[in-house]
Amino acid sequence: MRFDSHCCIVGGGPAGMVLALLLGRAGIQTTIFEEHEDFERDFRGDTVHPSTMELMDALGLADRLLELPHAKIHRLMLDTPGGPIEMADLERLPTKFPYVTMMPQARFLDFLAGEIRKMPSVRLVMGAAVQGLLWDDPWGLSGIADRAPDAPQQGAGAGAAQAGAGAQAGGAARPDGPTPHPTLGRPAPAHRPDQPGHGPLPDDAIVRGVHYRTRDGQHDLRAPLTIGADGRFSRLRRLAGFELESSAPPMDVLWFRLPRHPHEPDDARGKIGKGHLMVILNRGDEWQIAYVIAKGGYKEIHDAGLPAFRQSITELAPEFTDRVDTLTDWHQTALLSVEAGRIRRWFRPGLLLIGDAAHVMSPVGGVGINYAVQDAIVAANVLTGPFREGRLRLRDLAAVQRQREIPTRIIQGFQRLVQNQIVTRALASDGMMMQPPPVMRLPILRDLVPRMLALGVWPVHLKS
Ligand SMILES: Cc1cc2nc3c(=O)[nH]c(=O)nc-3n(C[C@H](O)[C@H](O)[C@H](O)COP(=O)(O)OP(=O)(O)OC[C@H]3O[C@@H](n4cnc5c(N)ncnc54)[C@H](O)[C@@H]3O)c2cc1C
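Here the structure is a predicted model, which means the values were calculated and not measured.

Focus on the site of the ligand
Line of reasoning, step 1. Close to the ligand lie 31 residues, the nearest being E34, R41, T47, D356 and G366.
Line of reasoning, step 2. A distance of 2.7 Å separates a nitrogen atom of the ligand from a polar atom in the side chain of T47.
Line of reasoning, step 3. In isolation the ligand has 990 Å² of accessible area, and contact with the protein removes 92% of it.
Line of reasoning, step 4. For the shell around the ligand, the secondary-structure elements that each account for two or more residues are α1 (14-25), β2 (30-34), β9 (129-136) and α9 (368-389).
Line of reasoning, step 5. For the shell around the ligand, the element with the most residues is α9, which contributes three residues.

So, in structure tokens, the structure goes:
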């Protein structure tokens, strides 16, 4: 079979972009598709952790990355009735970068894109929405999987409504399709159950690449390995029939920003009380604030109105009384519906999932970006040799999962513990300020936890 690329990556988030960079650097022919035209999009976190900075350093890119505007967080303090308590001091970490680099994610991804575009072996295709998986099977059959295995044949369901590989590009609207595409702002073709080869991925199929849509039409790209790095709502996960085993974190997060005055401290701060929990992060001339609310509680907060919301902020953080009025519209807030979970198997023949596509992370500890990047490093470490030698096997894909699954389980277990021990209690409290559980102040935990969050459960280094 003729392939267009050795590796096809779907999704230009931290996982996909770092993997493209690493494979490109190793000379592996790689194509990466990102459905958006640029990286400016909803807020999705700005925390570049020390382990990611160490990777940038190993690639000789750290100094240039740090020339971009950023802020540094060295410590996390918790405000309590008895005064601030230090919860984490990153300066004690054994790393050249003992701080969290706060940089808008769009700038970080732009930076990676700039590096990727210099590499002759990588093609970064922006504005390319992957809609289906190309497959063939041992019987000589082939097709395009554009529907989740258990999705209904016609009409309803995300898979059916938004799929439609190969069908009637630019066709006229019909009552049973096409649905407007959220990114390109024009109709997506309807699912075509009448078209041979379209439908769900057969059990014994091997994934052979992707079917994607750009402004100029529908295209196929054939590759021996497709990497799904398409995030928490992964389409590839659905098409492959992988089920996300999710836990139900008790919270959602409302993100917003308030001005930061130059003389204010750099440290990140946490506040707990009055049924809420707030994490305040230094973003240079702004504070990035995570306002934790009970799961599904947004409607009630929204219905109570902005003045009530502003008041609840100042009750917990009186220091913002002088600037909370800058919040004049709900559009200045971003709601993160918190989910967490992972799939049992991250791969099948011809396909591997990494990052949020394989494991959706709770925001506790702000590790989602970090863990996605570490998946990419491990994938590059494991797969570069087999790519070069032209003998990629299923066990190579299994090796990536094996190396990443245990750290993911451990960190998700830790996040569950924090959610149950601290977040649930905080959301249920009606007192003004809560103390952290005494266990959190044990010196061993005070060092161990920041280390696990900042550097990973165990360090992941680039092999070559
Ligand atoms: C509101 C919010 C705040 C967060 N805050 C933090 C934080 O402070 N720190 C932290 O570490 N993590 C944070 N996270 C989590 C973090 O964003 C993710 O864990 C991380 O981005 C995962 O990286 P990824 O590359 O796996 O997926 P993503 O970053 O989600 O990237 C997936 C990419 O795939 C693209 N894509 C999707 N479908 C297709 C398709 N069919 N075809 C082509 N492209 C496609 C998407 O456009 C996207 O660019 C936050 C998340 C949210 C939603």
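Once the structure has been displayed, the description carries forward.
Let's talk about the pairing of strand β18 (residues 276-282)
Line of reasoning, step 1. Most of β18 is tucked away, with six of its seven residues classed as buried.
Line of reasoning, step 2. Relative to β18, strand β17 (residues 268-273) is paired through five bridges, and the arrangement is antiparallel. Bridge pairing links I272 to L277 in β18.
Line of reasoning, step 3. Hairpin remark: β17 followed by β18, antiparallel, with two residues in the connecting loop; positive phi at K274, about 50 degrees.
Line of reasoning, step 4. Examined bridge by bridge, β18 and strand β19 (residues 286-294) share six bridges and lie antiparallel to one another. If you follow V279 over to β19, its bridge partner there is A290.
Line of reasoning, step 5. Counting the residues that bridge the hairpin from β18 to β19 gives three residues, and of these G284 lies at a positive phi of roughly 85 degrees.

Observations regarding the state of the cysteines
Line of reasoning, step 1. Taken as a whole and assessed by the stated rule, the structure comprises zero disulfides.
Line of reasoning, step 2. Here C8 is not disulfide-linked; the sulfur of C7 is the nearest cysteine sulfur, at 7.0 Å.
Line of reasoning, step 3. Relative accessible area serves as the criterion here: at 0%, C8 is assigned to the buried category.

Considerations on the environment of W346
Line of reasoning, step 1. Residue placement: W346 occurs in the loop between β21 (340-343) and β22 (347-348).
Line of reasoning, step 2. Within the local environment of W346, its side chain forms a polar contact with the backbone oxygen of I343, the two atoms lying 3.4 Å apart.

With respect to a nonpolar patch on the surface
Line of reasoning, step 1. A contiguous nonpolar patch, built from I406, I410 and W458 and spanning about 270 Å² of accessible area, is present on the exposed surface.
Line of reasoning, step 2. Among the secondary structure elements, W458 is positioned in the segment after α11 (443-455).

Notes on the packing of α1 against helix α4 (residues 105-117)
Line of reasoning, step 1. The geometry of α1 relative to α4 is characterised by a closest axis approach of 9 Å and an angle of 20 degrees between their N-to-C directions. Between α1 and α4, the interaxial angle falls into the category roughly parallel. As α1 runs across α4, the sense of the crossing is left-handed. In this structure, α1 uses P14, M17, V18, A20 and L21 to contact α4, whose residues at the interface are Q105, L109, L112, A113, E115 and I116.
Line of reasoning, step 2. Of the residues in the contact of α1 with α4, the class split is nine nonpolar, one polar and one charged.

Here's the deal with the pairing of β9
Line of reasoning, step 1. Burial of β9 is extensive: eight of the eight residues sit out of reach of the surface.
Line of reasoning, step 2. Counted between consecutive antiparallel strands, the loop separating β9 from strand β10 (residues 142-145) contains five residues, among which G140 sits at a positive phi close to 90 degrees.

Some details on the pattern of salt bridges
Line of reasoning, step 1. This structure, assessed with the given rule, holds 28 salt bridges.
Line of reasoning, step 2. Here D46 makes a salt bridge to R283, at a shortest N to O gap of 2.4 Å. Of this pair, D46 sits in the loop between β2 and β3 (47-48) while R283 sits in the loop between β18 and β19, and the two are 237 residues apart along the sequence.
Line of reasoning, step 3. On the accessibility criterion, D46 (4% relative accessible area) is buried.
Line of reasoning, step 4. Given a relative accessible area of 17%, R283 falls into the buried group.
Line of reasoning, step 5. The salt bridge involving R260 is made with D266; its shortest N-O contact spans 3.0 Å.
Line of reasoning, step 6. By relative accessible area, R260 is classed as buried at 11%.

Conventions adopted
Residues numbered from 1 in each chain as written. Predicted model: local features only at pLDDT ≥ 70, side-chain atom pairs only at ≥ 80, totals over all residues. Heavy atoms only, no water. Near = heavy atom within 4 Å. Polar contact = N/O pair within 3.5 Å; in protein donor to acceptor, adjacent residues only side chain to side chain. Areas by Shrake-Rupley, 256 points an atom, 1.4 Å probe, with all protein chains shown as cover. Helix = DSSP H or I, 4+ residues; strand = E, 2+ residues; numbered from the N terminus. Buried < 20%, exposed > 50% of the residue type's maximum accessible area, 1.4 Å probe, protein only. Pairing = 2+ DSSP bridges. Disulfide = S-S within 2.5 Å. Patch = residues over 30% accessible without salt bridge, like charges linked within 9 Å, V, L, I, M, F, W, Y side chains within 5 Å. Salt bridge = Lys/Arg side-chain N within 4 Å of Asp/Glu carboxyl O. Axes fitted to C-alpha atoms, helices over the stretch in contact; angles between N-to-C directions. Parallel < 35°, antiparallel > 145°, perpendicular 65-115°, else oblique. Left-handed = near helix turned anticlockwise from the far one by under 90°. Contact = heavy atoms within 4.5 Å. Nonpolar A, V, L, I, M, F, W, Y, C, P; charged D, E, K, R; others polar.

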